[in-house]
Amino acid sequence: MSRTLEECLPPDQRRILADLDSPYRIQTFLDTLPYADEKFNRCPLRVLQDGRANCFDGALFAAAALRRLGHPPVIVDLLAAPGTDDDHTIAIYRRDGFFGAVAKSNCVGLRFREAVYRSLRELVMSYFEFYFNVEGEKTLREYTVPLNLKSFDYLDWTCSDDGLELIIHHLGELRRFPVITPQMAAVLSPVDARTYEAGFLGANPAGLYRPA
């Protein structure tokens, strides 16, 4: 069984978690952290210790924090067209049967979603117009089935970095669903200038994917 965040932290640091009592407050906490640009993945405990995270780290942290609130620790991977952009991992939650998400991102529009979406696909499609690269191309193409991290509790993923590569590998093996057809992709409009500027507001330039 994976240890909880409370079990990982020294008693004098557990107060950090006290305010994380809703999906929105978990998101607000993630938004205070600098976006990590190095090629290293952090478990939720190390996110707290280092005070930084990338999107995968943030999704794991959100999943662990949502678990504290009674939600299953579930993540979904959003995938870009190959060679155009980073993939993006989100933690999903449900309220009254509707889907929402918590996420860490270097881009403004790829973060929190209220639980107002009737299906996972509807939730994913809410990211489409905001999922673009530095060249202004809309790049979201697929998403995976949800992955419940409970199946990886034996790795102690909340408090240990050691098994994270296995989770990443498993994400890559999951069934995927397309969000648009090739015909749609061929005629997509570029992102307009105002949306582009807003989307990268406060971004860490070193953490932005740059197509070859």
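Residues numbered from 1 in each chain as written. Predicted model: local features only at pLDDT ≥ 70, side-chain atom pairs only at ≥ 80, totals over all residues. Heavy atoms only, no water.

1. Quick look at the overall build of the chain
Our working rule: Helix numbering and strand numbering both begin at the N terminus, where a helix is a DSSP run of H or I of at least 4 residues and a strand a DSSP run of E of at least 2. Computation of the radius of gyration draws on C-alpha atoms, with the globule rule given as 2.2 Å multiplied by the number of residues to the power 0.38. Whether a residue is buried, partly exposed or exposed follows from its accessible area with a 1.4 Å probe, protein chains only, as a fraction of its type maximum: under 20%, in between, or over 50%, in that order. Every residue pair with non-hydrogen atoms within 4.5 Å of one another is taken to be in contact. Only the protein chains shown count as cover for residues, and the accessible areas themselves come from Shrake-Rupley with a 1.4 Å probe. Residues scored as positive are Lys and Arg, those scored as negative are Asp and Glu, and His as well as the terminal groups of each chain are ignored. Positions of charges follow a simple convention, taking NZ of Lys, CZ of Arg, CG of Asp or CD of Glu.
Each helix and strand in the chain was counted, giving 8 helices and 7 strands. Its C-alpha atoms give the chain a radius of gyration of 17 Å, within 12% of the compact-globule value 17 Å for 212 residues. The burial tally for the chain puts 51% of its 212 residues in the buried class. The long-range share in the chain, meaning contacts at least 24 apart out of those at least 6 apart in sequence, stands at 61%. In the form shown here, the chain has an accessible surface area of approximately 10,500 Å², with 53% of it arising from carbon and sulfur atoms. Distance between charge centres in the chain, computed from 24 positive and 29 negative side chains, equals 4 Å.

2. Some thoughts on the pattern of salt bridges
Put simply, the test is: Whenever a carboxyl oxygen of Asp or Glu lies within 4 Å of a side-chain nitrogen of Lys or Arg, that contact is scored as a salt bridge.
Taken as a whole, this structure holds 12 salt bridges when the rule is applied. A salt bridge links R42 to D50; the nearest nitrogen and oxygen atoms lie 2.8 Å apart. Assessed through its relative accessible area of 5%, R42 is described here as buried. The exposure class assigned to D50 is partly exposed, which follows from its relative accessible area of 33%. With a closest N to O distance of 2.3 Å, R46 and D161 form a salt bridge. Remark: D161 occurs in the loop between β6 (147–148) and α6 (164–173) and R46 occurs in helix α3 (residues 44–50); sequence separation between them is 115 residues. On the accessibility criterion, D161 (17% relative accessible area) is buried.

3. As for the environment of K104
Counted only if it meets this: Here a polar contact is recorded for every N or O atom pair within 3.5 Å, except that within protein the pair must consist of a potential hydrogen donor and a potential acceptor, and residues adjacent in sequence are included only if both atoms are side-chain atoms.
Looking at the element boundaries, K104 is found in the loop between β3 (98–102) and β4 (113–117). Since its relative accessible area comes to 4%, K104 is described here as buried. Distance from K104 to A62, taken between C-alpha atoms, is 8.6 Å for residues 42 residues apart in sequence. Here L30 takes part through its backbone oxygen, which lies 2.9 Å from a polar atom of the side chain of K104. A polar contact of 2.4 Å, which involves the side chain of K104, links it to the backbone oxygen of L33.

4. Section: the pairing of strand β1 (residues 74–80)
Test applied: We treat two strands as partners when DSSP finds at least two bridges between them.
Burial analysis of β1 places 7 of its 7 residues in the buried class, the great majority of the element. As defined by bridge partners, β1 adjoins strand β2 (residues 88–95) across 5 bridges and the pair is classed as antiparallel. Counterpart to I75 in the pairing with β2 is A91. Direction of pairing for β1 relative to β6: antiparallel, over a ladder of 2 bridges.

5. Describing helix α2 (residues 23–32)
Keep this limit in mind: For this quantity, the arc is that covered by the directions from the helix axis to the C-beta atoms.
Inspection of α2 places P23, I26, Q27, F29 and L30 among the buried residues, and these make up the whole buried set. Angularly, the buried residues of α2 cover 160° about the axis, an arc narrow enough to put them on a single face. When the buried face of α2 is taken as reference, the exposed residues oriented beyond 90 degrees from it are Y24 and T32. On its buried face, α2 is in contact with α3, α4 (55–68), β2 and β3.

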